[in-house]
Amino acid sequence: MPGIDKLPIEETFEDSPQTRSLLGVFEEDAAAISNYSQKLFQAMNRIYDAQNELSAATHLTSKLLKEYEKQRFPLCSDDEVMSSTLQHFAKVIDELSSCHAVLSTQLADAMMFPITQFKERDLREILTMKEVFQIASDDHDMAINRYSRLSKRRDNEKVKGEVMEDVYTSRKKQHQTMMHYFTALNTLQYKKKIAILEPLLGYMQAQINFFKLGSENLTQQWEDFLTNIGTSVQNVRREMDGEVDVMQQTIQDLEQASDLLYMPDPDPSQVPVNRNLTRKAGYLYRRNKTGLVSSSWERQYFFTQGGNLMGQARGHVAGGLVMDIDNCSVMAVDCEDRRFCFQITSFDGKKVVILQADSRKDCEEWIATINNISKRIYLSENPEEIAARVNQSALEAVTPSPSFQQRHESMRPTTQGRSRAARTSSVSSVGSETASPALSVLSLDALVGPDTPIQFDIISPVSEEYAGQAKAAGQGRTNPFGESGDTPPEESEDSILHQLFIVRFLGSMEVKNADSSDVIYETMRQILAARAIHNIFRMTESHLLVTCDCLKLIDPQTQVTRLRFPLSSVVVCSSHQENKRLFGFVLQTAEGRVDGRPVTVCYIFESNNDGEKICDSVGLAKQIAFHSEMDRKATEKKEEQDKAKEKQQEELSKQKQIEKDLEEQSRLIAASSRPTPPAPNADGQFLVLSKSQSEDSDAGPEGREKGESEA
């Protein structure tokens, strides 16, 4: 046998921490031995009980077979062959019963007695000595503490003697107890092997003796029968192994296919949302009102059945009707204490149900499914195909055509040919433009001030410029949600680009520099750090509408415009370099100038989609707006040139008319300057004109009119 580690008895008086640590290892080993011995004792006790039961059952079977001939059966009562056969079986079984009884006696003596003695005597002795040692150790510590508190100023010999006697007694007791305890633990290492091996040796010896007795009763017929049974068992085992391999492969395939579904909120890029469903089932949380302002959430199993939404609680046999969802309305809502919530409103508006899904994917699929059911698509022959066509049509209605987008992509100016002013007013995405060396060395304080306040929520949905326009026009009232009665001219026109994104507002703050996307990265860092420091986790969800005129933040519940950003004021737009769902843009406005400089504010959002796509959409809108503005300016310039040409033509026609009038006047003057014969009067005599009349006649009609006016 290998060497056994021992506790050093000679170090018991010193009682060092190393000795105590080694003692702890031995005590842990003793506890493990006790636990294992208890389990082994239970197993061996079951063997012993089973052997006793088998011996008793075998003896009872033999007894019943012997009593067969005493039975009075209505039929075949004189079957001597059956009786003699059963008597033979009874004799053989009785001999087997005797063998089992001998085996039970041998098991009791050779197997159960050693392990029972080890369990009841040795292990219990270890536990008792452990308790005694613990008590002695505690008494010694208390005596030492009392001895250490003796005052050197007041030396009471009687008290000092008692304390010293107490220390002597407790130290001696601890030392003696510790030595005996160490001896018992060292001895236990040997007793452990004996207690395990001796019962096993007795068990095997008893079984060998039993098998020797049984082998005398075995014949060749029994051996052939056992061989056949063994062959059948091997065939079953091979069949089982083949079935196990098939099941293991099935488990691997299912685990690989379901790996993404284990996450409560899977990545939409890996597990896409199916918006073409007309039936859905799953667990949701339902909000129940428990008071005027309090509510509780209950988890239930919901499923759609035709045009009805059904709910079934755990333990219920069948589900119940929650509400009729034909012609209903459904939308995502922002609950203060829950995520992924949506609200279903009946067609008459009298019943409202708020539910919570486990993930954003489930929430969007439930909303899409209920929308499809509310349109009664489920009544058609191919509901999923029709739902796919409807959703595709809706998607095409809000997405620009590829040919138009490619045309504007080709019209974008190159980055190298841009001037500094054009680069400042353009919108760039992450990786689209490299930062200049001057921007890379800017300090963080040059981008964002260290004490700049941060706004974490959208607090003012009212647009002041629209309110001012409504007051100036004297018509159109402004409601509390910021909408005016008159639509602004730029919003009334149809925009070429309409793209809608779901975003959550993280915060905004005023910045100092807007020349590059570095200011957006620094603003993201400060806003996220401030949210973590102040434990601000609530975010306002909105719909970001990107058009060629402006960016709008729309309330998803009321469809009211919360904020409107003119596209011309957006200077830079960029997404985060690592977390692509974070993006932001810098807005530069001429209103509220500080020291003659425009106010520059950076807004940070989190999106469900890739933030770079949103930035590309904003960039496309800027390009479309730029080319539209260039076309408008070219049209205005052409109109101005046409007006100048028309004005020049009018001037030329007027000049020609003046020249024509002058020629006509000169002709009349020349005609009037020729001498005319005196005109005869009515009597046939000539009339002599006076000098004044002659001047009037020379002046022509203009002279006469002048004279009449003077008169």
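Overview of the structure. Positions within a chain are numbered from 1, following the residues in the order the chain's sequence is written. Given that this is a predicted model, residues contribute local features only at a pLDDT of at least 70 and side-chain atom pairs are listed and counted only at 80 or more, while totals for whole chains, interfaces and linings are drawn from all residues. Side-chain metrics rest on all non-hydrogen atoms present in the structure, leaving aside hydrogens and water.

1. Points about the packing of aromatic side chains
Okay, step 1: Within 6.5 Å between ring centres, the rings of Phe, Tyr and Trp (the latter by its six-membered ring) count as paired, and their orientation is classed by plane angle as stacked under 30 degrees, edge-to-face over 60, tilted in between. Summed over all chains, the structure comprises 11 aromatic pairs.
Okay, step 2: Between the aromatic rings of Phe210 and Phe211, the centroid separation amounts to 6.0 Å while the plane-to-plane angle is 55°, which identifies the pairing as tilted.
Okay, step 3: Burial classes: relative accessible area under 20% of the type maximum marks a residue as buried, over 50% as exposed, and values in between as partly exposed (1.4 Å probe, protein chains only). Judged by relative accessible area, Phe210 falls into the buried class, the value being 15%.
Okay, step 4: Relative to Phe303, the ring of Tyr301 lies with its centre 6.2 Å away and its plane at 40°, an arrangement referred to as tilted.
Okay, step 5: You can call Tyr301 partly exposed: its relative accessible area is 30%.

2. So, the pairing of strand E12 (residues 561-566)
On a regular strand, each side chain points to the face opposite its neighbour's, so the side chains alternate between the two faces of the sheet.
Okay, step 1: Any two strands between which DSSP finds at least two bridges are classified as paired. What counts as a helix is a DSSP run of H or I of at least four residues, what counts as a strand is a run of E of at least two, and both are numbered from the N terminus. Where strand E11 (residues 550-554) lies against E12, five bridges are found, and the strand directions are antiparallel. When the bridges of E12 are listed, Ile554 appears paired with Thr561.
Okay, step 2: Linking E11 to E12, which pair antiparallel, is a turn of six residues; within it Gln559 sits at a positive phi near 60°.

3. As for the side chain of Gln300
Okay, step 1: For Gln300, the location among the structural elements is in strand E2 (residues 295-305).
Okay, step 2: We classify Gln300 as buried; its relative accessible area is 12%.
Okay, step 3: Any pair of N or O atoms that falls within 3.5 Å is considered a polar contact. Within protein, one atom must be able to donate a hydrogen and the other to accept it, and sequence-neighbouring residues count only if both atoms are side-chain atoms. Within the local environment of Gln300, its side chain forms a polar contact with the side chain of Glu298, the two groups lying 3.3 Å apart.
Okay, step 4: Residues are treated as being in contact if the distance between any of their heavy atoms lies within 4.5 Å. When residues no more than four places from it in sequence are discounted, the contact partners of Gln300 are Gly282, Tyr283, Leu284, Gly311, Gln312 and Ala313.

4. Section: the packing of helix H1 (residues 17-66) against helix H3 (residues 157-215)
Okay, step 1: Angles shown run from 0 to 180 degrees and are taken between the N-to-C directions of axes, each axis being a line fitted to C-alpha atoms and, for helices, limited to the stretch in contact. As a packed pair, H1 and H3 sit with axes 11 Å apart at the nearest point and diverge in direction by 30°. Between H1 and H3, the crossing angle belongs to the class labelled roughly parallel. In terms of crossing hand, the pair formed by H1 and H3 is left-handed.
Okay, step 2: Gly counts as polar in this scheme, as do all residues outside two lists: the nonpolar Ala, Val, Leu, Ile, Met, Phe, Trp, Tyr, Cys and Pro, and the charged Asp, Glu, Lys and Arg. Partitioning the contact of H1 with H3 into residue classes produces 17 nonpolar, four polar and four charged. Roughly parallel covers angles under 35 degrees, roughly antiparallel covers those over 145, roughly perpendicular covers 65 to 115, and oblique covers all other angles. Crossings are assigned a handedness: left-handed for a near helix turned anticlockwise from the far helix by less than a right angle, right-handed for a clockwise turn.

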